[in-house]
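# Observations on chain architecture
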Amino acid sequence: MKRIVLILMAVLCAAFAADAKGGKSGEISFKVKVHDFGYIQESKGPVSYNFEFTNIGSTPLMIVSARAQCGCTRPEFPKQPIRPGEKGYIKVTYVPKNRPGSFDKSVEVRTSNNTEVIRVRGNVIPAMK
């Protein structure tokens, strides 16, 4: 029994040491972190942008959450792991209804090992009444 425990401990230590030396775990890298919609018309409704990212790490990347600072901004993110070297997208939709003027909204993207912030901005032209 002691022998099995010692072998198990040795295997675990080797695995942790290899992971520590083996490069980056899943790591997100965005192509761009800010998108400017420019001038948008309130009457045309919501606008969306797909933020492209790549897993530049050596293990699968898991996006845990994407949270917008307010209800007018809606992020959508992949629920499945992104393998090393693969690309993915986080779609951010801004709803301009009853929000004339400029806007600058952030989305906090939490992954399995860090947090990044992406932003959308622009100016809403009010609908004619």
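Each remark here, short or long, concerns the structure printed above.
Residues numbered from 1 in each chain as written. Predicted model: local features only at pLDDT ≥ 70, side-chain atom pairs only at ≥ 80, totals over all residues. Heavy atoms only, no water.

## Observations regarding the overall build of the protein
Short version of the rule: By the criteria applied, helices consist of DSSP H or I runs no shorter than four residues and strands consist of E runs no shorter than two, each listed in order from the N terminus. The buried label goes to any residue with under 20% of its type's maximum accessible area, the exposed label to any with over 50%, and the partly exposed label to all in between, with areas taken from a 1.4 Å probe on protein chains only. For this analysis, residues touch if any pair of their heavy atoms sits within 4.5 Å.
What the protein contains, in helices and strands, is one helix and eight strands. Start at the N end of the protein and walk to the C end: the helices and strands fall as α-β-β-β-β-β-β-β-β. Buried residues in the protein amount to 33% of all 129 residues. Considering only residue pairs separated by 6 or more positions, the protein has 65% of its internal contacts joining residues 24 or more positions apart.

## Remarks on the state of the cysteines
To be explicit about the condition: Working definition: a disulfide is two cysteine sulfur atoms within 2.5 Å of each other.
Under the criterion given, the structure shown has one disulfide. Across the disulfide from Cys70 sits Cys72; the S-S distance is 2.4 Å.

## Regarding the packing of aromatic side chains
Here is the rule: Here the aromatic set is Phe, Tyr and Trp, taking the six-membered ring for Trp, and pairing holds for ring centres within 6.5 Å; pairs whose planes are under 30 degrees apart are stacked, those over 60 apart are edge-to-face, and all others are tilted.
Under the definition given, this model contains four aromatic pairs. Ring geometry for Phe30 and Phe53: centres 6.0 Å apart, planes at 65°, overall edge-to-face. Here the residue Phe30 occupies a position in strand S1 (residues 28-30), and Phe53 occupies one in strand S3 (residues 47-55), the gap between them amounting to 23 residues. Phe53 matches Phe30 in its accessibility class, with the two residues each being buried.

## Details of the sheet that holds S3
Put simply, the rule reads: Two strands make a pair as long as DSSP finds a minimum of two bridges between them. Inter-axis angles, ranging from 0 to 180 degrees, are taken between N-to-C directions of lines fitted to C-alpha atoms, where helices are fitted over the stretch in contact.
In spatial order, the strands read S1-S3-S6-S5; together these four strands make up an open sheet with antiparallel pairing. The two strands at the open ends of the sheet, each matched to only one other strand, are S1 and strand S5 (73-76). Here the strands of the sheet are splayed against their neighbours by 30° on average, with no regard to which way each runs. By the bridge criterion, eight bridges tie S3 to strand S6 (residues 87-94) in an arrangement that is antiparallel. Residue Thr54 lies in a different strand from S6, and its bridge partner there is Lys87.

## What about the nonpolar core?
Rule in force here: Among the buried residues, those of types Ala, Val, Leu, Ile, Met, Phe, Trp, Tyr and Cys that are joined through side-chain atoms within 4.5 Å form a nonpolar core.
Ranked by internal contacts, the top residues of the largest apolar core, which has 22 residues, are Phe30, Phe53, Ile90, Tyr94, Val109 and Ile118. Where this core is concerned, the elements lending two or more residues are S1, strand S2 (34-41), S3, strand S4 (63-68), S6, strand S7 (101-111) and strand S8 (115-125). Among all residues touching Phe53, those that are not within four sequence positions of it are Ile28, Ser29, Phe30, Leu61, Ile63, Pro78, Ile82, Glu86, Lys87, Gly88, Tyr89 and Ile90.

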